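What the coordinates show
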Amino acid sequence: RTLAAPGPDEDAGGGVSAPPRALAAVASGATGLTADAADLARWGWVLYGARVLPPPAVAAMTSAAGPGRIEQRPYGLGTMLYSRTIATGDAYGHVGREPGWTSLLVVQPDRPVAVAVLAVGGDRDLGDVTRALFLAADHLTR
C-alpha cells in the first residue's frame with residue numbers, strides 16, 4: 001500500500017498534509033523509516049546479501065563480536081542476529097518499535113528468504129509470526 005499526501009483539492013485549507021507515519025519518521029530522525037513490508041524485505045535482502053555494501057562490511061555488521069546484546073540477542077554492527085532462532089540458518093535483521101507500531105525484519109541470505117512484518121501497536125512481539133512465515137517460506141524454496 002502506498003501512502004501519499006492529499007492534493008490541494010483534498011484539503012479544505014488548500015495545503016498539503018503528510019501521513020502520520022511520515023511525520024513520525026521525520027520527528028524521530030535516524031530511528032524512523034517509512035516503508036511497506038515488501039520494500040523493507042527487499043531492502044534487507046540487498047543489504048544483508050552484500051548487494052549494497054561490500055562483503056567485508058556486511059560480515060562486520062553480522063558478526064556476533066559486535067557491541068553487545070539487545071533484547072537478549074547478539075548484536076552486530078547495527079544488526080540483530082536471529083540465527084537459528086527465527087530462521088532455520090544464519091539470519092540477520094532488526095526490530096523497530098515506536099508508539100503505535102512495531103516492525104521486524106529478518107533475512108536469511110543463504111536462502112532466498114527475507115521476511116518483514118509490520119504491526120499496528122507498539123511493543124508487540126513479532127517473533128512467532130515471523131518464525132511461522134520463515135517455516136512456510138522454507139517449504140516453498142526447497
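Residues numbered from 1 in each chain as written. Predicted model: local features only at pLDDT ≥ 70, side-chain atom pairs only at ≥ 80, totals over all residues. Heavy atoms only, no water.

**Focus: the overall build of the chain**
Within the chain, the secondary structure is distributed over four helices and six strands. The order of α-helices and β-strands along the chain, N terminus first, is α-α-α-β-β-β-β-β-β-α. Each of the 142 residues in the chain was classed as buried or not, and the buried ones make up 33%. Within the chain, residue pairs in contact and separated by at least 24 positions form 28% of the contacts whose partners lie at least 6 positions apart. As presented, the chain carries roughly 8400 Å² of accessible surface, and 60% of it is formed by carbon and sulfur atoms. (Helix = DSSP H or I, 4+ residues; strand = E, 2+ residues; numbered from the N terminus. Buried < 20%, exposed > 50% of the residue type's maximum accessible area, 1.4 Å probe, protein only. Contact = heavy atoms within 4.5 Å. Areas by Shrake-Rupley, 256 points an atom, 1.4 Å probe, with all protein chains shown as cover.)

**Description of the packing of aromatic side chains**
Summed over all chains, the structure comprises one aromatic pair. A ring pair is formed by Tyr48 and Tyr92, whose centres lie 6.1 Å apart and whose planes are at 40°; its orientation type is tilted. Here Tyr48, found in helix α2 (residues 37–48), pairs with Tyr92, found in strand β4 (residues 92–98); they are 44 residues apart in sequence, far enough to count as distant. On the basis of relative accessible area, Tyr92 is assigned to the buried category, the value being 12%. (Phe/Tyr/Trp six-rings, centres within 6.5 Å; stacked < 30°, edge-to-face > 60°.)

**Digging into unusual backbone geometry**
The general pattern is negative phi for most residues beyond glycine and trans for most peptide bonds. One non-glycine residue with positive phi stands out, namely Ala50, at about 60°. The exposure class assigned to Ala50 is partly exposed, which follows from its relative accessible area of 29%. Of note in the backbone geometry, Arg84 takes a positive phi value of approximately 55° without being a glycine. By the element assignment, Arg84 lies in the loop between β3 (80–81) and β4.

**Focus: the pattern of salt bridges**
Applying the stated criterion to the full structure yields four salt bridges. A salt bridge links Asp39 to Arg42; the nearest nitrogen and oxygen atoms lie 2.8 Å apart. Remark: Arg42 and Asp39 occur in helix α2; sequence separation between them is three residues, near one turn of the helix. Classification of Asp39 by relative accessible area gives partly exposed; the value is 39%. Among the ionic pairs, Asp123 bridges to Arg97, the shortest N-O distance being 3.3 Å. Taken as a pair, Asp123 in the loop between β6 (113–120) and α4 (127–140) and Arg97 in strand β4 lie far apart in primary sequence, 26 residues in all. (Salt bridge = Lys/Arg side-chain N within 4 Å of Asp/Glu carboxyl O.)

**Digging into a nonpolar patch on the surface**
Among the surface-exposed residues, Trp43, Val52 and Leu53 lie close enough to one another that they form a single nonpolar patch of about 260 Å² accessible area. Tracing the chain through its elements places Leu53 in the loop between α2 and α3 (55–61). What makes Leu53 partly exposed here is its relative accessible area of 32%. (Patch = residues over 30% accessible without salt bridge, like charges linked within 9 Å, V, L, I, M, F, W, Y side chains within 5 Å.)

**Focus on the nonpolar core**
Ranked by size, the top nonpolar core spans 16 residues in total, and within it Tyr82, Ile86, Leu104, Val106 and Phe134 carry the most contacts. Those elements giving two or more residues to this core turn out to be β5 (101–108), β6 and α4. Element by element, the count of residues in this core is highest for β6, at four residues. Residues Leu47, Tyr92, Leu105 and Ala116 belong to the second largest nonpolar core, which totals 10 residues. (Core = buried A, V, L, I, M, F, W, Y, C linked by side-chain atoms within 4.5 Å.)

**Some details on the pairing of β6**
Residues in a regular strand project their side chains so that they alternate between the two faces of the sheet. Judged from the eight bridges that link them, β5 and β6 form a sheet pairing that is antiparallel. Bridge pairing in β6 links Gln108 to Val113. Hairpin connection, β5 to β6: the antiparallel pair is bridged by four residues. (Pairing = 2+ DSSP bridges.)

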